[in-house]
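Summary of structural features
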Amino acid sequence: MASVSLILGFVSTIIPFVCAGFDPSSSGNIAVYWGQNSYGQGSGSFAQKNLAYYCSNTDIDIIPVAFMNGITPPITNFANAGDNCTAFPDNTNLLNCTQISNDIKTCQKTYGKTILLSLGGATYTQGGWSSTGDAQNAAQTVWNMFGPLTGVQIDRPFGDAVVDGFDFDFESTVNNLPAFGAKLRGLMDAAVDKKYYLSAAPQCVFPDAADGTTLDSVAFDLVLVQFYNNWCETSNFQVGSSTQTAFNFDVWDNWAKSSLNPHVKVFLGIPANTGAAGAGYTSGSQLKAAIAYSKQYSSFGGVMMWDMSQLYANSGFIEEVASDLSVSSSPTATTTTTMVTVTVSTTSSSGPSSSGGTLVAQWGQCGGQGYTGPTQCQPPYNCVSGGQYWSSCQ
Ligand SMILES: *[C@@H]1O[C@H](CO)[C@@H](O)[C@H](O)[C@H]1NC(C)=O
Ligand SMILES: *[C@@H]1O[C@H](CO)[C@@H](O)[C@H](O)[C@H]1NC(C)=O
């Protein structure tokens, strides 16, 4: 009997997009929120489609799924995508979403995307937890619901799909959020199945009223700073000026380098369409210049956009952002040690200054404990208190 020699071929693994997914060493990441159908169409070509539809877009790396807008008790809301889910019988505010589950797996396996679950949003009103212990228990619950399968009996909205991390998008006070964040970070770091990422989406006003103390006490991998709806937004970037009086990416870069994770990536968060996310949409040469300027800071990780439905209704915009990101930054001002020569001039400044005469735009900060910026609103807006740390022009 002749011996049969077997030639073992290599089992090749298909790696479709080596560049897809969050790359902590890149300044060209693009993150786009999905889930809220913010463009607002209930039907037709601009209505929000299922998650995997967008994952075939090779410009997109990270998709925060929005929102888990209640934690204790748990609540989910995915706008029209929720219509394809069913409520859990014992947890009627929580959606059992087989389609999103399958889509997350497709986005991860076929397209290599990083899928985060975004916690909070503007409709989160639970105010956090009354003790650190309650906050830690809530973090464990969120982990059991969306993290690796452990055999714990719990309603899992995305079934056996496992997200790649979590995003904190809290816009109001959340008591004991640092304890919640620290517990979640600990669970993520202890996991062995894959690397999990922790993200936050503060407003550009520094420090952020809702997430500020958590940003300083927990290590984050990426912060998707909302450079919109506030005075510090991208539309107030002064093209051609090496120092900025309103746009404050430099402040966030400083925070990043002294934070618990000095390698945290800071994203330039922008509206994906006119009117998306309120005020502050920019495009064309203004956006290109703001991206080139931000790219000079070593913490710059890329661009975040709100949100997917707005982006897909704005033909050509993602290609524009990707193109802006691909331009290499100028070698000057790349380090924090760059000397800035301040020329004292008697002519009037071409842009707003922090002293008299500056008027704050709608939604911009105009007051609050610790705030030292301009306090006068642009007409017809008035400065309205939103709590101890926050007043804005409305
Ligand atoms: C809902 O499911 C239908 C049928 O699979 C699909 O065509 C549609 O895109 C889904 N909608 C969303 C928002 O996921
Ligand atoms: C969630 O939905 C799936 C598919 O419809 C179903 O098989 C499963 O039993 C549901 N889970 C619960 C706990 O209701």
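Just so you know, the residues in each chain are numbered from 1, in the order the chain's sequence is written. Chain letters start at A and ligand numbers start at 1, both assigned in the order the entries are written. Predicted model: local features are reported for residues with pLDDT of at least 70 only, side-chain atom pairs are reported and counted for 80 or more only, and whole-chain, interface and lining totals are derived from all residues. The side-chain values count all of the structure's non-hydrogen atoms but skip hydrogen atoms and water molecules.

**So, the pattern of salt bridges**
Selection criterion: Basic side-chain nitrogens of Lys or Arg form a salt bridge, by our definition, when they fall within 4 Å of a carboxyl oxygen of Asp or Glu. Starting at the N terminus, helices and strands are each numbered in turn, a helix being any DSSP run of H or I of at least four residues and a strand any DSSP run of E of at least two. The buried label applies to any residue whose accessible area, calculated with a 1.4 Å probe on protein chains only, is under 20% of its type's maximum; exposed applies above 50%, and partly exposed to all values in between.
Applying the stated criterion across every chain, the model contains 6 salt bridges. In this structure, aspartate 221 and arginine 185 form a salt bridge, with 2.9 Å as the shortest nitrogen-oxygen distance. Remark: arginine 185 occurs in helix H4 (residues 177-190) and aspartate 221 occurs in the loop between helix H5 (212-217) and strand E8 (222-226); sequence separation between them is 36 residues. Each of the two residues, aspartate 221 as well as arginine 185, counts as buried. In this structure, a network of salt bridges that share partners links the residues Arg185, Asp189, Lys195 and Asp221.

**Points about the site of ligand 2**
Short version of the rule: We call a residue near a molecule or strand as soon as one heavy atom of that residue lies within 4 Å of the molecule or strand. Counted as a polar contact is a pair of N or O atoms within 3.5 Å, where, for protein atoms, one must be capable of donating a hydrogen and the other of accepting one, and residues adjacent in sequence contribute only when both atoms are in side chains. Accessible areas in this description were obtained via Shrake-Rupley with a 1.4 Å probe; residue shielding takes into account the shown protein chains only. Under this grouping Gly is polar, as are all residues other than the nonpolar Ala, Val, Leu, Ile, Met, Phe, Trp, Tyr, Cys and Pro and the charged Asp, Glu, Lys and Arg.
Taken together, Phe88, Pro89, Asn96 and Thr98 make up all the residues around ligand 2. Asparagine 96 is positioned with one of its side-chain polar atoms (N or O) 2.4 Å from an oxygen atom of ligand 2. Bound to the protein, ligand 2 loses 37% of the 360 Å² it would expose on its own. Here the shell around ligand 2 is built from residues that sort into 2 nonpolar, 2 polar and no charged.

**Considering the state of the cysteines**
Simply put, the disulfide is a covalent bond whose two ends are the sulfur atoms of two cysteines. How we decide: The definition used for a disulfide is geometric: two cysteine sulfur atoms within 2.5 Å.
Taken as a whole and judged by the stated rule, the model has 3 disulfides. Disulfide pairing is shown between cysteine 55 and cysteine 107; the S-S distance is 2.0 Å. When the S-S torsion is 95°, as for the bridge of cysteine 55 with cysteine 107, the disulfide is right-handed. In this pair, cysteine 55 sits in helix H1 (residues 51-55) while cysteine 107 sits in helix H2 (residues 98-109), placing the two residues 52 residues apart along the sequence. Of the residues examined, cysteine 107 reaches a relative accessible area of 0% and is grouped as buried. Linked covalently through their sulfurs, cysteine 85 and cysteine 97 form a disulfide whose S-S length is 2.1 Å. Between cysteine 85 and cysteine 97, the S-S torsion sits near 105°, and that sign places the bridge as right-handed. With a gap of 12 residues between them, cysteine 85 in the loop between strand E2 (62-68) and strand E3 (86-88) and cysteine 97 in the loop between strand E4 (91-96) and H2 connect regions that are remote in the sequence. Using a relative accessible area of 11% as the deciding quantity, one classes cysteine 85 as buried. Among the residues examined, cysteine 97 registers a relative accessible area of 1% and is labelled buried.

**Considering the environment of asparagine 93**
This is how the line gets drawn: We call two residues contacting when some pair of their heavy atoms lies within 4.5 Å.
Structurally, asparagine 93 can be placed in strand E4. Since its relative accessible area comes to 45%, asparagine 93 is described here as partly exposed. Spatially, the C-alpha atoms of asparagine 93 and threonine 76 are 6.6 Å apart, while their sequence positions differ by 17 residues. Residues within four places of asparagine 93 in sequence aside, it is in contact with Pro74, Ile75 and Thr76.

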